[in-house]
Amino acid sequence: MINYQIIIEYLGTNFIGWQIQKKGLSIQSEIQKALSKVLKRKIKINGSGRTDAGVHAKGQSANFIIDQEIKDKYKFLSSVNFFLKNKSISIIKINKRNIYFHARHSAKKKIYKYVILNRETNSPMYKNRSWFLKKKLDLKLMKKGIKFFVGKHNFSSMRSASCSAKSPIRTVIKASMSKNNNKITITFESRSFLQKQVRSMVGCLKYVGENKWKPDKIKLVIKSKKRSLCAPPAPPEGLYLEKVFY
């Protein structure tokens, strides 16, 4: 038996999310169908994590185990991507891993990025790929606020009610933001995140940038552990799973 890791890019706009569900189109199901056609056997993949409906990925990671070696990787990628070309999904790399490798359990760190388009007019180039905000955000205040997310915290106030994680405690290793023209990019690094945690953190930063909150309000919201005190989560279309480290 051979264990393979695949790296995947996708636009999540037309999907219910990564995970297979009873109703709706999932990224996992489309990849499994494509792999099964090419490899001529039923394939099940393990993803590094579940991205929600509308969330994108530049470096999603998954693995599958098969009883045959894939000798021509270029031909394999071309064949699989042929079946995915109209789905806004692409497998960009395949690596052979040891039999114990698991895309989710073996992950040491994940990087998520969130993109905000902050200008008076929207852009067709960023449609469904960013959060369009007309009101000018105060980047200096947001940079002060983002520091409160770093470290080990109970993020109960920033998790979805449907989150299935056993513990609300997460450690944010790094949190940063940058601006290029009218595009603001917010980056978070952690071993793992709670459901809607990143989008909730961005929602809080938006409140700070609009001067609705002072930067240290974020600290109080985290300490409260109350979801009701958190800002509304940012929409999914601006969120990207950038990379998974092992």
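The structure displayed is predicted, hence computed values, not measured ones. (Residues numbered from 1 in each chain as written. Predicted model: local features only at pLDDT ≥ 70, side-chain atom pairs only at ≥ 80, totals over all residues. Heavy atoms only, no water.)

Q: Break down the overall build of the chain for me, citing the residues and quoting the values.
A: Along the chain, the regular secondary structure elements total five helices and ten strands. Its C-alpha radius of gyration of 19 Å places the chain within 12% of the 18 Å reference for a compact globule of 246 residues. Taking all 246 residues of the chain together, 49% fall into the buried category. Taking the contacts inside the chain whose residues are at least 6 apart along the sequence as the reference set, 70% of them involve residues at least 24 apart. (Helix = DSSP H or I, 4+ residues; strand = E, 2+ residues; numbered from the N terminus. Rg over C-alpha atoms; globule rule 2.2 N^0.38 Å. Buried < 20%, exposed > 50% of the residue type's maximum accessible area, 1.4 Å probe, protein only. Contact = heavy atoms within 4.5 Å.)

Q: Outline the layout of surface pockets, listing residues and values.
A: Quantified by volume, the largest pocket comes out at close to 1200 Å³. Among the secondary structure elements, those contributing two or more residues to the lining of the largest pocket are strand S2 (46–47), strand S5 (109–118) and helix H4 (197–209). For the lining of the largest pocket, the leading source of residues is H4, giving three residues. Residue classes in the lining of the largest pocket are distributed as 13 nonpolar, 17 polar and ten charged. Space inside the second largest pocket adds up to approximately 330 Å³. Taken together, 17 residues line the second largest pocket, and the ones lying closest to its centre are Leu11, His56, Lys58, Arg129 and Tyr240. Of all the secondary structure elements, the ones that give two or more residues to the lining of the second largest pocket are strand S1 (2–10), strand S3 (56–66), S5, strand S9 (183–190) and strand S10 (239–245). No other element matches S3, which puts three residues into the lining of the second largest pocket. Taken together, the residues of the lining of the second largest pocket break down into seven nonpolar, four polar and six charged. (1 Å grid on protein atoms, 1.4 Å probe; cavity = no way out; pocket = protein on both sides within 12 Å on 5 of 7 lines; lining within 4 Å. Points joined across faces, edges and corners; volume = space filled by probe spheres on them. Nonpolar A, V, L, I, M, F, W, Y, C, P; charged D, E, K, R; others polar.)

Q: Explain the packing of aromatic side chains residue by residue, including any values.
A: Applying the stated criterion to the full structure yields eight aromatic pairs. Geometrically, the ring pair formed by Tyr114 and Trp131 is edge-to-face, given 6.2 Å between the ring centres and 85° between the ring planes. On the criterion of sequence distance, the pair formed by Tyr114 in strand S5 and Trp131 in strand S6 (residues 131–133) is long-range, its members being 17 residues apart. A ring pair is formed by Phe149 and Phe188, whose centres lie 6.0 Å apart and whose planes are at 80°; its orientation type is edge-to-face. (Phe/Tyr/Trp six-rings, centres within 6.5 Å; stacked < 30°, edge-to-face > 60°.)

Q: Break down the pattern of salt bridges for me, with residues and values.
A: One pass over the structure, following the stated rule, counts eight salt bridges. By sharing partners, the salt bridges in this structure join Glu30, Lys33 and Lys87 into a single network. (Salt bridge = Lys/Arg side-chain N within 4 Å of Asp/Glu carboxyl O.)

Q: Account for a nonpolar patch on the surface, with residues named and values stated.
A: A surface patch of nonpolar side chains, amounting to about 510 Å² of accessible area, comprises Met1, Ile65, Ile99 and Tyr100. The exposure class assigned to Ile99 is partly exposed, which follows from its relative accessible area of 41%. (Patch = residues over 30% accessible without salt bridge, like charges linked within 9 Å, V, L, I, M, F, W, Y side chains within 5 Å. Areas by Shrake-Rupley, 256 points an atom, 1.4 Å probe, with all protein chains shown as cover.)

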